[in-house]
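What the coordinates show
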Amino acid sequence: MNPIRIDNGIILFYGNRAGRVEDGCAVVDPMFKGQELSGFLEKQHHIHEVRWMDGMFDRLMAGGAEGSTAQGLKNVRVWQLKPDVDVYMKFIGYGEMCRRFGPPDQGNYQAVYDGAVETNDLEALYGKFGNDGSALPAGYKGHSLSMSDVLELYDSGGSSFHYVDRIGFQEIEFAAPQQAQGQTMQL
């Protein structure tokens, strides 16, 4: 048996679910990044792009034997206001943001996390990205999730954006980025 193979869209690296292949794009956990796996992926004619995304291993492990649950999950980006915006825009509810500054403007935000996680439940994501900041995932470059931040759920079919409000979330309109904020390697 080959130590590296693709089985039902799941990239197996010495028996570990390292990533998945969908629509010509391989999304792989960077903990498996190395010459051996990169070389294997380059030789796969049906793979046109490789994205290294934190959390893929955990997500695939949570998806069961075939990883089918993980394939249905969307990726997550966390957007936070840039350091140079008006301080009074930060940490306020959606209604107050709209009254005082207009609807959230994507130009005022920067992505502080882009990765795969094991859920698309907004409340669970709020907990994951740590109201106390103690368990933020690797690659997270912002403060713990709070009011005025935006969660983006995305896949090849598109994106949805959710403003963190006083209670719950408010879906908002933002434009999806042209390319993911994470590391990308073209083959």
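In what follows, the accompanying structure is described. In this text the structure is predicted, and so the values were computed from the model without any measurement. (Residues numbered from 1 in each chain as written. Predicted model: local features only at pLDDT ≥ 70, side-chain atom pairs only at ≥ 80, totals over all residues. Heavy atoms only, no water.)

Attention now moves to the overall build of the protein. Counting its regular elements, the protein contains five helices and eleven strands. Restricting to contacts in the protein with at least 6 residues of sequence separation, those with at least 24 account for 61%. Summed over all atoms, the accessible surface of the protein reaches about 9500 Å², with 48% contributed by carbon and sulfur. (Helix = DSSP H or I, 4+ residues; strand = E, 2+ residues; numbered from the N terminus. Contact = heavy atoms within 4.5 Å. Areas by Shrake-Rupley, 256 points an atom, 1.4 Å probe, with all protein chains shown as cover.)

Now for the packing of aromatic side chains. In this structure the tally under the stated criterion is nine aromatic pairs. Summarising the aromatic geometry, the rings of tyrosine 94 and tyrosine 163 are spaced 5.4 Å apart at their centres and angled 70 degrees between planes, so their arrangement reads as edge-to-face. With tyrosine 94 in helix H4 (residues 94–101) and tyrosine 163 in strand E9 (residues 158–164), this residue pair connects regions lying 69 residues apart in the sequence. One aromatic cluster in this structure is built from Phe13, Tyr14, Phe32 and Phe57. Seen from the ring of tyrosine 154, arginine 77 lies directly overhead, with NZ or CZ sitting 3.9 Å from the centre. (Phe/Tyr/Trp six-rings, centres within 6.5 Å; stacked < 30°, edge-to-face > 60°. Lys NZ or Arg CZ within 6 Å of the ring centre and 35° of its normal.)

In this section: the pattern of salt bridges. Side chains that differ in sign of charge can pair as their charged atoms come close. For the structure shown, the criterion picks out six salt bridges. The partner of glutamate 152 in a salt bridge is arginine 77, and the shortest N-O contact between them spans 2.8 Å. Taken together, the positions of glutamate 152 in strand E8 (residues 150–155) and arginine 77 in strand E6 (residues 75–81) put the pair 75 residues apart, joining distant regions of the chain. Put simply, arginine 100 and glutamate 96 hold a salt bridge, and the shortest N to O gap is 2.9 Å. Separated by four residues within a single helix, arginine 100 and glutamate 96 lie in helix H4, roughly one turn from each other. (Salt bridge = Lys/Arg side-chain N within 4 Å of Asp/Glu carboxyl O.)

As for its placement among the helices and strands, tyrosine 113 is situated in strand E7 (residues 109–116). Overall, tyrosine 113 belongs to the buried group, its relative accessible area being 4%. As a C-alpha pair, tyrosine 113 and proline 137 span 24 residues in sequence and 8.8 Å in three-dimensional space. With near-sequence residues (within four places) excluded, tyrosine 113 lies in contact with Asp54, Val76, Arg77, Val78, Phe129, Pro137, Ala138, Gly139 and Tyr140. (Buried < 20%, exposed > 50% of the residue type's maximum accessible area, 1.4 Å probe, protein only.)

Moving on: the pairing of strand E1 (residues 4–7). Within a regular strand, side chains alternate between the sheet's two faces. Looking at chain direction, E1 and strand E2 (residues 10–13) are connected through four bridges and run antiparallel. Bridge pairing in E2 places isoleucine 6 opposite isoleucine 11. (Pairing = 2+ DSSP bridges.)

Unlike most non-glycine residues, tyrosine 14 shows phi in positive territory, near 50 degrees. Summarising the element assignment, tyrosine 14 is placed in the loop between E2 and strand E3 (16–22). Residue tyrosine 14 is classed as partly exposed on the basis of its relative accessible area, which comes to 48%. Even without being a glycine, phenylalanine 91 presents a positive backbone phi close to 60 degrees. As for its position among the elements, phenylalanine 91 is in the loop between E6 and H4.

A few words on the pairing of E8. Across the six residues of E8, five count as buried, placing the element largely inside the fold. Inspection of the sheet shows E6 paired to E8 by five bridges, in the antiparallel sense. Residue pairing for E8: valine 78 is matched across the bridge by leucine 151. As paired elements, E8 and E9 share six bridges and run antiparallel to each other. Bridge assignment links glutamate 152 to a residue of E9, and that residue is phenylalanine 161.

Its place among the elements puts glycine 55 in the loop between strand E5 (49–52) and helix H2 (56–62). Sequence spacing of glycine 55 and valine 117 is 62 residues, and the spatial spacing of their C-alpha atoms is 5.8 Å. If near-sequence neighbours (up to four positions away) are discounted, glycine 55 is found in contact with Asp29 and Ala116.

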